[in-house]
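The primary structure of each chain is shown beneath.
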Amino acid sequence: MAPLVWFITGANAGFGLLLANLALSKGDTVVATARSLSKFPQSLVENPKAHLVETEITASATSITELVDAAAARHGRIDVLVNNAGYGHIGAVEEVSDEQARYQFDVNFFGLLNFTRAVIPHMRKQGSGVIVQLSSGVGILGAHGGPIYSASKFAVEGLSEAMANELKPFGIRVHIIEPGIFRTDFLKPISNGQNVGRHLEGYVNLEEMLGGLHGNQPGNAELGIQRMYEVVTGTGLAAGLEDQLRFPLGSDCYGMLETKLKMLNETAEKVKHVSLSTDY
Ligand SMILES: *[C@@H]1O[C@H](CO)[C@@H](O)[C@H](O)[C@H]1NC(C)=O
Ligand SMILES: *[C@@H]1O[C@H](CO)[C@@H](O)[C@H](O)[C@H]1NC(C)=O
């Protein structure tokens, strides 16, 4: 397989960094973004195949388009966009402020949308490309404790599901990766009291519930990243699955998928007579 050119957002830590390292180890080129160049580990800084870019995910569409165009010009193409940057804001609906809710959508949805929009024209011109959207188990099943986070991931899922059909004729594949709870630093800010709403009496203390999981998450991030690489390249366990939109990762996430299927099945069975009663 010819070396690929990857564009990975939020590639300074967690899944983004692991994926960047894996792609680099295969001889691929990686355009990696982070909020600040100082956040990149030395190994990436020293790797000649890593093209490091400083940007906020919430930067203006103009500046995002400029940096994507510059990356495509420098490397001749962009084969894979991985919209990895994101975070989870935890808290019940009335515990999360409007400002916090909007920022959650700015990063997880509108930022992802702007990067997607900037990359599509290049992939269309090439007649090929893969767009990987990092969603979550909570993008399948509304999560207790993270309704705003869930909503932002449902938005990503809806966008990506619809977009997959519209981009297929151009040879562009879209995949939604839905990780369960993996052992990355994702929960660290929550255990430190960041990204959580105010505390109201009567609601579950999510900081305790989720923060306490940090370090004990069931998902192995290295294996998760291996699967993501296979999804993009259509190899290994993902061979022949190029047409699959969704990839839930982890037994916890697979359980969420089963719960959702059961819910939808029950809806389809039980409310059918209501649904079918309203046509002319
Ligand atoms: C995305 O692009 C639009 C302009 O097209 C801009 O208004 C917005 O600030 C950008 N970023 C976010 C997070 O909305
Ligand atoms: C719901 O699940 C049952 C059992 O698997 C199946 O027989 C039925 O067809 C499903 N209903 C719908 C609407 O898919």
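Scroll up to find the structure this text is about.
Chains are numbered independently. Their residues run from 1 in the order of the written sequence. Chain labels run from A onward and ligand labels from 1 onward, assigned in the order the entries are written. Residues qualify for local features only when their pLDDT is at least 70, as the model is predicted, and side-chain atom pairs are given and counted only at 80 or more; totals for whole chains, interfaces and linings, by contrast, use all residues. Side-chain numbers here rest on the full set of heavy atoms in the structure, without hydrogens or water.

**Student:** Looking at this model, I keep getting lost on the overall build of the protein chain. Mind explaining?
**Tutor:** Numbering of helices and strands runs from the N terminus; a helix is a DSSP stretch of H or I covering at least four residues, while a strand is a stretch of E covering at least two. A tally of regular secondary structure across the protein chain gives 10 helices and seven strands. Overall size of the protein chain, expressed as C-alpha extent along the three principal axes, is 55 × 50 × 35 Å. Here the term buried applies to any residue with accessible area under 20% of the maximum for its type, exposed to any over 50%, and partly exposed to those in between, with areas from a 1.4 Å probe on protein chains only. Within the span of the protein chain, comprising 280 residues, buried residues form 47% of the whole. With residues, only the protein chains shown are counted as cover, and all accessible areas are computed by Shrake-Rupley using a 1.4 Å probe. In the form shown here, the protein chain has an accessible surface area of approximately 14000 Å², with 54% of it arising from carbon and sulfur atoms. Counted as positive: Lys and Arg. Counted as negative: Asp and Glu, with His and the chain ends omitted from the count. Positions of charges follow a simple convention, taking NZ of Lys, CZ of Arg, CG of Asp or CD of Glu. Both charge centroids of the protein chain, one from 22 positive and one from 29 negative side chains, sit 5 Å from each other.

**Student:** Just to check I follow, could you spell out the layout of surface pockets for this structure?
**Tutor:** Unoccupied space between atoms shows up once a probe the size of one water molecule is rolled over them. In this structure, the second largest pocket occupies an estimated 190 Å³ of space. Here a cavity is any set of points on a 1 Å grid over the protein atoms alone where a 1.4 Å probe fits but cannot get out, and a pocket is any open set with protein on both sides within 12 Å along at least 5 of 7 lines; a residue lines the site when it has an atom within 4 Å of a point. Along the walls of the second largest pocket sit A164, N165, K168, G171, I172, R173, V174, H175, E242, D243, Q244 and L245, which together make up its complete lining. Among the elements of the structure, α5 (147–167) and β6 (172–179) are those that each provide at least two residues to the lining of the second largest pocket. In terms of residue count, the dominant contributor to the lining of the second largest pocket is β6 (four residues). Basically, the charged four are Asp, Glu, Lys and Arg, the nonpolar ten are Ala, Val, Leu, Ile, Met, Phe, Trp, Tyr, Cys and Pro, and anything else, Gly included, counts as polar. A class-by-class count of the residues in the lining of the second largest pocket yields four nonpolar, four polar and four charged. Grid points are joined across faces, edges and corners, and a volume is the space filled by probe spheres set on the points.

**Student:** Help me understand the site of ligand 1, please; the structure alone is not making it clear to me.
**Tutor:** When at least one non-hydrogen atom of a residue lies within 4 Å of a molecule or strand, that residue is treated as near it. Residues in close proximity to ligand 1 include T58, A59, A61, D106, F110, G111 and N114, which together make up its full environment. We call two N or O atoms a polar contact when they sit within 3.5 Å, provided that within protein one can donate a hydrogen and the other can accept it, with sequence-adjacent residues counted only if both atoms are side-chain atoms. Between N114 and ligand 1, the recorded distance is 2.4 Å, taken from a side-chain N or O atom to an oxygen atom. Surface burial for ligand 1 is 57%, taken as the share of its 350 Å² of free accessible area covered by protein chains. If one sorts the elements of the shell around ligand 1 by residue count, helix α4 (residues 98–126) sits on top with four residues. Class assignment of the residues belonging to the shell around ligand 1 gives a composition of three nonpolar, three polar and one charged.

**Student:** When you look at the pattern of salt bridges in this model, what are you seeing that I'm missing?
**Tutor:** Opposite charge on two side chains makes pairing possible when the charged atoms of those side chains draw close. A side-chain nitrogen of Lys or Arg and a carboxyl oxygen of Asp or Glu constitute a salt bridge if their distance falls within 4 Å. In total, this model carries eight salt bridges according to the counting rule given. In this structure, the salt-bridge partner of R102 is D98, at a minimum N-O distance of 2.9 Å. Linking R102 with D98, this pair stays in helix α4, spanning four residues, or about one helical turn. Accessibility expressed as a relative area gives 55% for R102, which makes it exposed.

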